[in-house]
Amino acid sequence: MDALRRGAVPESGLDLLATGLDRFERAVDEELDTAAAGGSVFKAVRGEYGSGKTFFTRWLGERAKRRTFAVAEVQVSETETPLHKLETVYRRLTERLATASFPPSALRPVVDAWFYALEEDALADGASESELPQAVDRLLTARLAEVSRHAPAFATALRGYKQSLDAGDEATAAAVMAWLGGQPHVAAAARRSAGVRGDLDHFGAFGFLQGLLTVLRDAGHAGLVLVLDEVETLQRVRSDARDKALNALRQLIDEVHSGRFPGLYLIITGTPAFYDGQQGVQRLAPLAQRLATDFTTDPRFDNPRAVQIRLPGFTEASLTGLGATIRDLYTEGSQSPDRIKQLADDAYLTDLARAVGGALGGKVGVAPRLYLKKLVGDVLDRIDQFPDFDPRRHYKLTVGSSELTATERNFAAPAPAASADDLEIDL
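Given the structure is predicted, the values throughout are model-derived calculations rather than measurements.

The rules behind these values
Residues numbered from 1 in each chain as written. Predicted model: local features only at pLDDT ≥ 70, side-chain atom pairs only at ≥ 80, totals over all residues. Heavy atoms only, no water. Helix = DSSP H or I, 4+ residues; strand = E, 2+ residues; numbered from the N terminus. Areas by Shrake-Rupley, 256 points an atom, 1.4 Å probe, with all protein chains shown as cover. Lys, Arg positive; Asp, Glu negative; His and termini not counted. Charge placed at Lys NZ, Arg CZ, Asp CG, Glu CD. Phe/Tyr/Trp six-rings, centres within 6.5 Å; stacked < 30°, edge-to-face > 60°. Buried < 20%, exposed > 50% of the residue type's maximum accessible area, 1.4 Å probe, protein only. Lys NZ or Arg CZ within 6 Å of the ring centre and 35° of its normal. Expected span 1.5 Å × (residues − 1). Arc of directions from axis to C-beta. Salt bridge = Lys/Arg side-chain N within 4 Å of Asp/Glu carboxyl O. Pairing = 2+ DSSP bridges. Right-handed = clockwise from strand over helix to strand, strands pointing away. pLDDT = per-residue confidence, 0-100. Core = buried A, V, L, I, M, F, W, Y, C linked by side-chain atoms within 4.5 Å. Contact = heavy atoms within 4.5 Å. Axes fitted to C-alpha atoms, helices over the stretch in contact; angles between N-to-C directions. Parallel < 35°, antiparallel > 145°, perpendicular 65-115°, else oblique. Left-handed = near helix turned anticlockwise from the far one by under 90°.

Caption draft 1: Just the overall build of the chain, in detail. When its secondary structure is counted, the chain shows 20 helices and five strands. For the chain, the C-alpha atoms occupy an extent of roughly 85 × 55 × 45 Å along the three principal directions. Split by element, the accessible area of the chain, about 20,200 Å² in all, is 50% carbon and sulfur. One way to put it: in the chain the 50 positive side-chain charges average out to a point 3 Å from where the 60 negative ones average out.

Caption draft 2: Geometry of the packing of aromatic side chains. Tallied over the full model, the rule gives nine aromatic pairs. When the ring of Phe-24 is compared with that of Phe-56, the centres are 5.4 Å apart and the planes differ by 80°; the resulting orientation is edge-to-face. Note that Phe-24 is positioned in helix 2 (residues 22-36) and Phe-56 in helix 3 (residues 53-66), a separation of 32 residues in sequence. Side by side, Phe-24 and Phe-56 carry an identical accessibility label, which is buried. Where Phe-206 meets Phe-261, the ring centres are 5.9 Å apart and the plane angle is 40°; that geometry is what we call tilted. Of this pair, Phe-206 sits in helix 11 (residues 204-218) while Phe-261 is found in the loop between helix 12 (239-258) and strand 4 (264-270), placing the two residues 55 residues apart along the sequence. With respect to burial, Phe-206 and Phe-261 carry one shared label: buried. Over the ring of Phe-24 we find Arg-23; its NZ or CZ atom is 5.3 Å from the centre of that ring. For Lys-162, the ring lying beneath its charged end belongs to Phe-115, and the centroid distance is 5.9 Å.

Caption draft 3: Representation of helix 5 (residues 107-124) in the model. The terminal C-alpha atoms of helix 5, which comprises 18 residues, lie 26 Å apart, in line with the 26 Å expected from a rise of 1.5 Å per residue. Residues of helix 5 that are buried: Leu-107, Val-110, Val-111, Trp-114, Phe-115, Ala-117, Leu-118 and Ala-122. Buried residues of helix 5, seen end-on, are gathered within an arc of 155° and therefore sit on one face of the element. The exposed set on the far side of helix 5, more than 90 degrees from its buried face, consists of Tyr-116 and Ala-124.

Caption draft 4: Summary view of the pattern of salt bridges. Counted by the stated rule, this structure contains 34 salt bridges. The closest approach of N and O atoms between Asp-2 and Arg-6, which form a salt bridge, is 3.3 Å. With its nearest N and O atoms 2.9 Å apart, the salt bridge here joins Arg-58 to Glu-73. Within this pair, whereas Arg-58 is found in helix 3, its partner Glu-73 is found in strand 2 (residues 70-75), the two being separated by 15 residues in sequence. With respect to burial, Arg-58 and Glu-73 carry one shared label: buried.

Caption draft 5: Quick look at the pairing of strand 4. Where burial is concerned, most of strand 4 is hidden: seven out of the seven residues are buried. On strand 4, burial covers both faces: Leu-264, Leu-266, Ile-268 and Gly-270 on one face and Tyr-265, Ile-267 and Thr-269 on the other are all buried. One ladder, built from five bridges, connects strand 3 (residues 224-229) with strand 4; its direction is parallel. What sits directly across from Val-225, in strand 4, is Tyr-265. Tracing the backbone out of strand 3, into helix 12 and back to the parallel element strand 4 gives a crossover that is right-handed.

Caption draft 6: Region of interest: the confidence of the model for the chain. Scored by pLDDT, the chain has a mean of 87; 91% of the residues are at 70 or more. Looking at the elements of the chain, mean pLDDT is at its lowest for helix 20 (residues 406-412), recorded as 53, and at its highest for strand 3, recorded as 97.

Caption draft 7: Structural view of the nonpolar core. By size, the foremost hydrophobic cluster in this structure holds 75 residues, and its most contacted members are Phe-154, Leu-158 and Leu-228. Counting residues per element, this core draws most heavily on helix 11, at eight residues. Once residues within four sequence positions are removed from consideration, Leu-228 is found in contact with Val-74, Val-76, Leu-83, Val-89, Leu-252, Leu-266, Ile-267, Ile-268 and Thr-269. Judged by nonpolar contacts, the second largest core, of 48 residues, contains Val-41, Phe-56, Leu-311 and Tyr-371.

Caption draft 8: Structural context of the environment of Ala-117. With respect to the secondary-structure elements, Ala-117 resides in helix 5. For Ala-117, a relative accessible area of 19% puts it in the buried group.

Caption draft 9: Looking closely at the packing of helix 2 against helix 3. The interhelical angle for the contact between helix 2 and helix 3, taken along N-to-C directions, is 50°, at an axis separation of 11 Å. With respect to helix 3, the element helix 2 is oriented oblique. The handedness of the crossing between helix 2 and helix 3 comes out as right-handed. Contact with helix 2, carried on its side by Phe-24, Glu-25, Val-28, Asp-29 and Leu-32, involves Phe-56, Trp-59, Leu-60, Arg-63 and Ala-64 of helix 3 and no other residues of that element.

Caption draft 10: View of helix 2. The end-to-end C-alpha distance of helix 2 is 21 Å, a good match for the 21 Å that 15 residues give at a rise of 1.5 Å each. Taken together, the buried positions of helix 2 are occupied by Phe-24, Ala-27, Val-28, Asp-29, Glu-31, Leu-32 and Ala-35. Of the surrounding secondary structure, the elements contacted by the buried residues of helix 2 are strand 1 (41-46), helix 3, helix 11, strand 3, strand 4 and strand 5 (308-310). Downstream of helix 2 by one or two residues, Gly-38 has phi in the positive range, about 105°.

Structure, rendered in structure tokens:
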């Protein structure tokens, strides 16, 4: 509720709020099963602003965590996470890595759990306490043999990390772990101690992702769900950087389909303009071919198993239904549940949805963030705290430009004049 009050997507509990996602459940669960069995999956999600793309990916991430997957959500941006620099994407991945047991960054707990699993396996194979370090090293070499062909530094750094821990050198161990996470500017002394050099580059990122997937699976996780959110921001970067980013995305998709990343479920999100426009996917023909999906039929018959799926967005009815769900959840922790259900009945929820949509130029489909923010913070909280508050008499919806996102402000702006005769000039 606090997240909704702030106009944000909650980090957990999304199954309670899911509206209209049941049609995707079977396909998503099948794809998670594929990744857990050692396969790899790529999925593209399309939807207009406000259609729930971030909500969908976090809902999927929650389902994945319950199946022991690790999850990482990466926001693509020109300055912080440019897609054409995959070493930066990998770094953000490790920073945002989370599991059911550990919040971001879960990289070090995952690696520690992996070494513990190696020790258990070595002891089960008959190694004595004195032979344990050598037995663990042999298992590490065997488990990372395929990864070492492409990124030998990954296995080398893991050995260096374990040696630093065994020697009680926490500072070096932490520095080596930062290097494994793709962090730049790690102290040269720590890198020398671990036997590695330089920083991670674009091509090394693929090998490090392979290594991370191997460690995750050996540590007891089914795989990794990686979300690249807001990929449509590529449309706003310089043409040379955009072309590099689109080609990097094409390369990443090909690597996923080639089987190089067993256990990886990769999702990207974007607007229809990104997938269909000449400044997006259509700019690179091979990428457009890989993402091509038929959306000419009735949305009711969209294929949830397709490489690209679309979120239909909210209608007034579905927005009211979501509001009712939120209201009913709110009453469970309220001191005045009966008053809330009486004053914020379905008819009022519909009126509020219509008013919020009107404030955004009639675009109900882009209204859920603002609608839920107003519902929880301005209506339900007041009913709960003030016995004489009646939203129909004491509350009138106001929407200030400061509380809108840039996209919402565009929808809220007055329609442009159709002709010069429509302009009002103060003489």
